[in-house]
Amino acid sequence: MSRLNALSKEPDDGHRYAYNTMLDAIRRLRAENLRTYDQSVFVACFTELKDAVSQWSRYGANGHGVALGFDADKIGGLRSGYHHHHPDGKLSPVLDQNQMPLIWPCPLQPVEYGDSARDALVTRLVEMVCSIGTTNDSATDAFNYIHQLGGILPHVSLVKHEAFKDECEHRITASEHFGDMTPLHRDAIGNLGAEFRPFTNVPATTLDVKFRPSGATLFTPYIELTLPRDALVTVVLGPSVTDPLAPVTVRRLLQRHGYPDTDVEQSELPYQS
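Each chain carries its own residue numbering, running from 1 in the written order of its sequence. Under the rules for a predicted model, residues below a pLDDT of 70 receive no local features and side-chain atom pairs below 80 are neither given nor counted, while totals for whole chains, interfaces and linings still include all residues. Only hydrogens and water are set aside when side-chain values are computed; all heavy atoms of the structure are taken into account.

**Quick word on the sheet that holds strand 13 (residues 232-237)**
Strand order in the open sheet formed by three strands is 2-13-14, with mixed pairing between adjacent strands. Each edge of the open sheet is held by one strand with a lone partner, namely strand 2 (66-70) and strand 14 (263-266). The average undirected angle you get between the axes of adjacent strands in this sheet is 20°. The strands touched by helix 8 (residues 245-256) are strand 13 and strand 14; relative to strand 13, the strand with the most contacts, the crossing angle is about 155°. Pairing between two strands requires that DSSP report at least two bridges joining them. Helix and strand labels come from DSSP, where a helix needs a run of H or I of at least four residues and a strand needs a run of E of at least two; each type is numbered from the N terminus. Each axis is a line fitted through C-alpha atoms, taken for helices only over the stretch in contact, and angles between the N-to-C directions span 0 to 180 degrees. Two residues qualify as a contact provided that any one of their heavy atoms is within 4.5 Å of a heavy atom in the partner residue.

**Observations regarding the packing of helix 2 (residues 16-28) against helix 6 (residues 138-152)**
For the pair helix 2 and helix 6, the least separation of the axes is 9 Å and the interaxial angle reads 70°. The angle between helix 2 and helix 6 falls in the class roughly perpendicular. Considering how the two elements wind past one another, helix 2 and helix 6 form a crossing that is right-handed. On the side of helix 2, the interface is formed by Tyr17, Ala18, Thr21, Met22, Asp24, Ala25, Ile26 and Arg28, while helix 6 contributes Ser138, Asp141, Ala142, Tyr145, Ile146, Leu149 and Ile152. Reported orientations rely on four angle classes, namely roughly parallel under 35 degrees, roughly antiparallel over 145, roughly perpendicular from 65 to 115, and oblique for the rest. In this scheme the handedness of a crossing depends on how the near helix is turned from the far one: anticlockwise by less than a right angle means left-handed, clockwise means right-handed.

**Remarks on the environment of Asp71**
Relative to the elements of secondary structure, Asp71 occurs in the loop between strand 2 and helix 4 (72-75). The spatial distance from the C-alpha of Asp71 to the C-alpha of Gly179 is 30 Å, given a sequence separation of 108 residues. Polar contact criterion, stated in full: a pair of N or O atoms within 3.5 Å, where within protein one must be able to donate a hydrogen and the other to accept it, and residues adjacent in sequence count only if both atoms are side-chain atoms. One polar contact links the side chain of Asp71 to the main-chain amide nitrogen of Asp73, over a distance of 2.9 Å.

**Brief notes about unusual backbone geometry**
Its identity as a non-glycine residue notwithstanding, Ala61 has a phi of 55°, on the positive side. Secondary-structure assignment places Ala61 in the loop between helix 3 (53-59) and strand 2. For Cys168, which is not glycine, the phi dihedral falls at a positive 50°. Locating Cys168 in the fold gives a position in the loop between strand 8 (159-160) and strand 9 (169-175). What makes Cys168 partly exposed here is its relative accessible area of 26%. Under the scheme applied here, a residue whose accessible area is under 20% of the maximum for its type counts as buried, over 50% as exposed, and between as partly exposed, the area being computed with a 1.4 Å probe on protein chains only.

**With respect to the nonpolar core**
Generally speaking, nonpolar side chains in soluble globular proteins are found buried as a group. Leu4, Met22, Leu29, Ile146 and Leu149 are the most contacted members of the largest nonpolar core, which totals 30 residues. At the level of elements, helix 1 (2-9), helix 2, helix 5 (114-131), helix 6 and helix 7 (183-190) are the ones that each hand at least two residues to this core. Top element by residues in this core is helix 6. It accounts for seven residues. Only buried Ala, Val, Leu, Ile, Met, Phe, Trp, Tyr and Cys residues count toward a nonpolar core, and they belong to the same one when joined by side-chain atoms within 4.5 Å. One finds Leu78, Val94, Ile172 and Ala174 within the second-largest nonpolar core, a separate group that totals 13 residues.

**Things to note about helix 7**
Here helix 7 lies mainly inside the structure; six of its eight residues are buried. Listed as buried for helix 7 are Leu184, His185, Arg186, Ala188, Ile189 and Gly190. Elements that come into contact with the buried residues of helix 7 comprise helix 2, helix 6 and strand 10 (204-207).

Encoded structure:
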């Protein structure tokens, strides 16, 4: 937002109106702070590192856990179904033009790191703002920019601080609301005028969001994605897992649940928890 603010105050490069229109859309959606913006992006995190101290210490129960190894090609094309969210809380599948459930890609993408990656992302997002285009009607332009904002912000989840570069992370992302019609979007569009209010009457379309008990926030929202059975190729036992029965038990667990071809390996790291 700071880049847009700065550009809107510089000599007009032909896009000042676009910058100001997007800034207005951000304010209408209360998206200056992403914690108050109601378009959630769900993220599943993976690493290229099969057996690394940094991963075991941060995410692997201090070496007492396991690392699940997936075939990137098989999880790179996952899809999630969208549902109509009714006032009573019930969900019903959204159907496409062929009367089949509407499913949408959840792409697996590499994370980029550092200030240069952040600056490059901001530049790409500004270019996207300029490419939306404008008309001669301010209300129509506001509608278009409000509608496009939800498609721009998920890119932010693919950049992290330089300090985490050693993680070699990839992420699967999925936006909660299809078409970015969140409650805040509905309010913002409805306030543009009577001609836009019919757009607020379409059923809310969302992923099937579930909640699990959590710490400070009490509950954490999440979604479930179905993985191909042959996507799980390896289970690596943490370096602090030393019981000789552990590999045997894990193999039995995998076979019991239909993963007889998944390899089980022991970490090779001299790690002490």
